[in-house]
Structure formats: C-alpha cells, structure tokens
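These are the residues of each chain, in order.
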Amino acid sequence: MLILSACLRFTVYDTEPERVGLVAANVEQLAAQGNPGERFRFVAMADTHGDYEHLRSAVRRINAQGGITFGLHAGDLTAYGLLDEYDWAWDELERTTVPVLVTIGNHDALSFGPEIWSQMFGPFDYSFLIGNLKVVVFNSNILEFPTSAPNRAWVRSQIENGADRSVVVLTHHPPQGADDVPGGTVNEFYAELLQLGKLSLWIHGHQAEPRLYQIGDTTVLQCGTFGAGGRYWTVDVAPEGLSFEHCDALGCHPREPEAR
Amino acid sequence: MKTARAMSFLFAFASLGASDPQRRKDETDSTLSLEWLVPDFAKIQTGSYAGLFTSGAGYTFLKRRLDVSLLFGVAPNFHSGNTVYLFEFAADVRPFDLPAGPLRVVPVFIGPGVIYSPNAELFVSVPDRYPTKAYYPPTALMWMMRLGTEFDLVPASASWVKRHGLYAQATVLFRYAELFFNNPGSVSLTDVIGGGIGYRIEF
C-alpha cells in the first residue's frame, strides 16, 4: 500500500511540463554552434508517435553518423497529445548531440496538447537562420486550429522577407491536398506560397510514404511515417544545391526528387 | 446534449440495483419500491487516474463477488495545470475474502473500467469539421484495467455499516499498456501504472 501510495496518478491530462521553452533553447544552442558555412547537413523526420524504441535507435544512428548540424521533426511526436507522451518522445530526441527543432502535428494538438506545446516548446510559428538558410516553421493544423492556423500573414511575410537566404519551410501537412475545413482555402494559400518562387524546400510529415518530389522550383520532402525502420532523411546543403538521402535501419540511400 | 446523455447514464447505472433481485432481499423483506436505488457502498479515493479527490457509490452482486461503481473525481488546477473533471465507471471481480477475526481480507480484486472526462478540450466523437467520424479515437475516454487489494473491518455490533474497507489498487490504461509493450526500453512499468488508495464503506 505504501509503495502504491508513492505512485499515485491523478490524471493523464496534466498540462505542466517540467521541460519548457525547448524551441528557444534549441535555437540558442544552434546559434552557439556558430555559422556552419556553406556546406552542412541536417536530418528530418516525422510522425514518430509512440515509436520510442525505434526513435532511440534512429537517434543512435544519427549521432554515430556525425557531421549533422541540427535536426527537424515535422510533427506528431505523440498520438493523443498527452504530457506523458511528450515526455517519452523528448526523452529520446534529447539524446541527439545536435539541436532539434519541431513543429506541431495534428495528433500533438489533441487533448490538452496545444497548452502543453506552448509551455514545453514555445510558439507554434517561428523561424531561425542557419548558414544560408532561413527555416520557417508554422502550424498547419487547420482542423485542430480552425480559426488560427495557418497564420497566413505571418507565413507570407516570413517567406517574402527571406533576404538572400534560401527558404526552407517545415510543416506537418503537405503543400498540396492538405486537410482543410469545409469551404476552406488553405490549399490555394499554399499554392500561392509556392508561386512566390522563394521556397527551396518544403519539409512535411502526416503522409505515410516517404517521398521526394518537385513542385515547380520547390523540392518537397515528405518524411513518411517513422515506422519500424526508424526512418529519417539527411539533407546536404551546398552552394550547388540540396541533396538527399533516405535512412533506415539498413543504412542511408541517395534519393533524387521525382518529377511531379 | 451532454446533460441528457449524463442523466440517461446515471439512471441506467442506478437501475443496476434492480437487476439482481436477491441483492436486497437477503437483508430485508421491506416492500419499499425504491430501495433498489440505494447503493450498497460508497467510496472516496485518490489516484488511479480518476482524480485527486474522487468519490462515488456502487452496487455489489453475487454475494460481494462483483462490484460495479461510478465515481466522480477532480484533478484540480493547482496540481494538473487545468481543472480536470473525471468520471470512472468500473466493475471489480472480488473472488473471495479471507476472514481474520473482525477483519476480512480481499486479497485481490480485478476488473475493467472506463474514465470519462467531460472537459471541453476532449471529445467522445470528433467535431463535424473532420472529414470522417473515424478520424480520431475518443480523447475523452480512457479504458483501463485495475488490480487491487482490500482490508475490511466488520463492526463488532449490529450497525447500518456492514464494512469499513481500505484499499489500494494499480490501474493501467489500455493506451499506456500498448506503449509499454511496444517500448519496454523507453517506457517503464512504473510509468504506466497509476496507483490509487481509497476507503470503501458498505451499508
């Protein structure tokens, strides 16, 4: 009885994470690493949900790979937006030796997820500079935030004011065929962003299959559900352009964008 | 809609008392028609994912071998960050109890249940803006299984109280059990078990 009384759990719907401000902390850590120069590499993954063991193994491989500057997670760290799930996922992600920046997924926004996210990570929309890139991260979960996502004015201004940098967008949803409210125009908005001609790369999750394809001048990296292979992508940034490898438990394999 | 649903559920729960004609017949030959509504026991509890402060009542059947209970709990703002309201509906199989003088030891009780939270952030059925009702499972419902033990004191003299009981139980949510089995190296048993302790008074 004494042991059980020490393990009392009152609800799964807690909303006060012990770790807070993780986006700001990781952006700061990235800045402290210094300018990586013209050539650097980052990793991207998505939809890890409750796959903590495979996430641990992927992180181990990422750490062993070396030469990685930072990581991006395109959302759905959790399945039900519960604080325990956020903690278990971040317990694995923080084992990386590099900063990891994240965007909120639709599952992360369930239950009290938005409140937990705001404390644990920070803003839903943010951007940061790294090398010659500007990475714009925004909340694309329109069904979970029907009145506020995406923040169109903010997103448009971030992309239009990319200065001389290549703009990389990180969202949970794809730029085409995204979930939308009845009568919504989010896909038209994304088409508009693509037509601005300023996006080098759009990284997203939510879709099951890993894919790499072009929409005009923009390369779209669909991370794919993390799955049993603990899949992630590496993106090499160089003056001559971006190159990609898809990595799983068996190794990393170069991929070229398919025409679309 | 939620109120009507809740009232229907409460009436159905209270009607459980009428489902076993022997339940009250052993104790009295009273012909009071509403006696079946009177619960057989009440509980106050803390933990087990059902709130910091939780209380409720239930019915017992098959000579105390089956308890069915409905509890209402609160996890207050100062603990959880938000005030969360919780209903717990559960059935416990209590195969036997062991007499030890004035004590009765229920070495084990086990049973399934569901915890429902009516908070606005949660839903049983996804909102209409979603393309399909199967888009998400209910976030307001947590199915669970629990295992516990109880020590009861039978009052020495005749009284309206049949037993005073203290119990401890370990509750596992099905969702967390799945995560534990799929991730044994990342999620530990102590991560997924929710302990609870409580007092049960039978009358």
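Everything quoted here is computed from the prediction, not taken from an experiment.

Procedures and definitions
Residues numbered from 1 in each chain as written. Chains lettered and ligands numbered in written order. Predicted model: local features only at pLDDT ≥ 70, side-chain atom pairs only at ≥ 80, totals over all residues. Heavy atoms only, no water. Pairing = 2+ DSSP bridges. Helix = DSSP H or I, 4+ residues; strand = E, 2+ residues; numbered from the N terminus. Axes fitted to C-alpha atoms, helices over the stretch in contact; angles between N-to-C directions. Contact = heavy atoms within 4.5 Å. Buried < 20%, exposed > 50% of the residue type's maximum accessible area, 1.4 Å probe, protein only. Parallel < 35°, antiparallel > 145°, perpendicular 65-115°, else oblique. Left-handed = near helix turned anticlockwise from the far one by under 90°. Nonpolar A, V, L, I, M, F, W, Y, C, P; charged D, E, K, R; others polar.

Asker: Is there a simple way to think about the sheet that holds strand β3 (residues 100–102) of chain A in this case?
Answerer: All names here are of chain A. Spatial ordering of the open sheet is given by β3-β2-β1-β10-β11-β12, a layout of six strands whose pairing is mixed. The sheet terminates laterally at β3 and β12 (251–255), the two strands that pair on one side only. In this sheet, adjacent strand axes meet at a mean angle of 25 degrees when their direction is disregarded. Where strand β1 (residues 40–45) meets strand β10 (residues 232–238), five bridges bridge the pair, whose relative direction is antiparallel. Across the sheet, F42 pairs through a bridge with V235, a residue of β10. Packing of helix α3 (residues 52–65) onto the sheet brings it into contact with β1, β10, β11 (241–248) and β12, and relative to β10 it is tilted by some 25 degrees.

Asker: Any chance you could explain unusual backbone geometry here in plain terms?
Answerer: Peptide bonds are mostly trans, and most non-glycine residues show a negative phi. All names here are of chain A. Residues A149 and P150 are joined by a peptide bond in cis, for which omega reads -10 degrees. Along the chain, P150 falls in the loop between β5 (133–137) and α6 (152–160). Located in the positive-phi region is H49, a residue other than glycine, with phi close to 45 degrees. Mapping H49 onto the fold places it in the loop between β1 and α3. Residue classification places H49 among the buried positions, given a relative accessible area of 19%. One non-glycine residue, H206, adopts positive backbone phi at about 75 degrees. Assignment of secondary structure puts H206 in the loop between β7 (199–204) and β8 (211–215). By relative accessible area, H206 is classed as partly exposed at 21%.

Asker: In this structure, what is going on with the environment of A:L82? I would like to understand it.
Answerer: For A:L82, the position within the fold is in the loop between β2 (70–73) and α4 (83–93). If near-sequence neighbours (up to four positions away) are discounted, A:L82 is found in contact with A:V12, A:Y13, A:S111, A:I116, B:M142 and B:Y176.

Asker: I'm lost on the packing of α4(A) against helix α5 (residues 113–120) of chain A in this one. Help?
Answerer: To characterise two packed helices, one gives the angle between the axes of the helices and the distance between these axes. Residue and element names in this part refer to chain A. For the pair α4 and α5, the least separation of the axes is 10 Å and the interaxial angle reads 40 degrees. Overall, the two elements α4 and α5 adopt an arrangement that is oblique. Of the two elements, α4 crosses α5, and the hand of that crossing is right-handed. Of the residues in α5, those in contact with L83, Y86, D87 and W90 of α4 are G113, I116, W117 and M120. Grouping the constituent residues of the contact of α4 with α5 by class yields six nonpolar, one polar and one charged.

Note that every value here comes from positions in space, so none of it alone points to a role or purpose.
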